[in-house]
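Summary of structural features
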Amino acid sequence: MEERDILIIGAGPAGLAAAQYGARAARRTTMIEELAPGGQALTIDSIENYPGVNKTISGYELGMQFQDQAERFGAELVYATVQSVDKDEDNFVVKTTEGEYVAPTVILCTGAKHRPLGVPGEEEYKGKGVSYCATCDGPFFRNKKILVIGGGDSACTEALYLAKLTDKVTLIHRRDRFRAQQEIADRVMRDPKITVKLQHTVESIEGDGDKVDRVVLRNLGTDEVYTEEFDAVFVFVGMIPQTSLVPEAKKDDAGYIVTTCRMETSIPGLYAAGDVRDTPFRQIVTAAADGAVAAHCASEYIDELAGRAYR
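Report on the accompanying structure. A quick note: this is a predicted structure, and the numbers were derived from the prediction, not measured. (Residues numbered from 1 in each chain as written. Predicted model: local features only at pLDDT ≥ 70, side-chain atom pairs only at ≥ 80, totals over all residues. Heavy atoms only, no water.)

1. Brief notes about the sheet that holds strand 4 (residues 76-79)
How we decide: We call two strands paired when DSSP finds no fewer than two bridges between them. Secondary structure counts use DSSP, requiring at least four H or I residues in a row for a helix and at least two E residues in a row for a strand, with both numbered from the N terminus. The axes are straight lines fitted to the C-alpha atoms, using for helices just the contacting stretch, and the angles between their N-to-C directions are given from 0 to 180°. Whether two residues touch is decided by their heavy atoms; if any such pair falls within 4.5 Å, the residues are in contact.
Strand order in the open sheet formed by five strands is 4-3-2-8-19, and the pairing between neighbours is parallel. In the strand order of this sheet, the two ends are held by strand 4 and strand 19 (270-272), each with one partner. Across the sheet, the mean angle separating the axes of adjacent strands is 20° when strand polarity is ignored. As paired strands, strand 8 (residues 105-108) and strand 19 are joined by three bridges and run parallel to one another. Each bridged residue has a counterpart across the sheet, and for Val-106 the counterpart in strand 19 is Leu-270. On the sheet, helix 6 (residues 284-305) packs against strand 2 (6-9), strand 8 and strand 19 and is oriented at approximately 165° with respect to strand 8.

In structure tokens, the structure reads:
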């Protein structure tokens, strides 16, 4: 069983920032990541609002910079799937596919996954025209007719990306205005390659069995139901926080982990940072800030356990 001071589950922006600050505090810090460092940022084509980065950068590039910086300060990255997190007196026992770890503190940075629409045809055509990542799958539909669903930052930024690949992008949202940041929403409205249809929902996604070729839409303003041809459907209608490893931690009504301003959860020694926790704003910069706070407070907690708290 490997001993650590701080174990971080997930290596998105929150986890990578936590790793840097944990290592800088001279704590034995290990990140456990299932897939690749960067988290949801890996799917972002262009980032232009990260403080201090004055040029447009991809999520992959920014994630690699985060990783390099964390490892330069001594943080360790382990590729494994976490199977369980259990509290044993003052320590957590974390079981993974690559072995077991014990640590007095754990920072949960597991993020959130895309919420499905839940309409007929969505599951059937997943990977056959239904997608939740424009940068991953958009190039397959160059010059094709694409439907984007959602009204937040993700839906708008992904629609703008897809408009680089085709001049036939339709963006629908069930409400009468976007919830995205105004600057992003304005760019969508100005883009001649994007047709915006507000107060619209999807009734079903249909095709020939091998691929999507049409979508049944409902105009909520008139209650008209009609069918329109599309080659692809990209869904961005919210996220589901990944909290299954800590079912006993307190959560809000939407399922996000409730934390204090110190990123403390209801379980002593367990911290949460980034998209998995309750927060009014989910951006790379806020996730990174969460991670830094969590690591700092985790380090203070370790001192408290050892009777060395700074007063």
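Now that the structure has been shown, we can carry on.
2. Quick look at the packing of helix 1 (residues 13-24) against helix 2 (residues 59-72)
In plain terms, the rule: Any angle that falls under 35 degrees is termed roughly parallel, while one over 145 is termed roughly antiparallel, one within 65 to 115 roughly perpendicular, and all others oblique. By convention, the crossing between two helices is left-handed when the near helix turns anticlockwise from the far helix through less than a right angle, and right-handed when the turn is clockwise. Three classes are used, and their members are as follows: Ala, Val, Leu, Ile, Met, Phe, Trp, Tyr, Cys and Pro are nonpolar, Asp, Glu, Lys and Arg are charged, and the others, Gly among them, are polar.
Packing of helix 1 against helix 2 brings their axes to within 8 Å, and their N-to-C directions diverge by 20°. With respect to their mutual orientation, helix 1 and helix 2 come out roughly parallel. Every pair of crossing elements has a handedness; the one defined by helix 1 and helix 2 is left-handed. Residues Pro-13, Leu-16, Ala-19 and Gln-20 of helix 1 touch helix 2, and the partners they reach there are Gly-63, Phe-66, Gln-67, Gln-69 and Ala-70. Looking at the contact of helix 1 with helix 2 residue by residue, the class counts come to five nonpolar, four polar and no charged.

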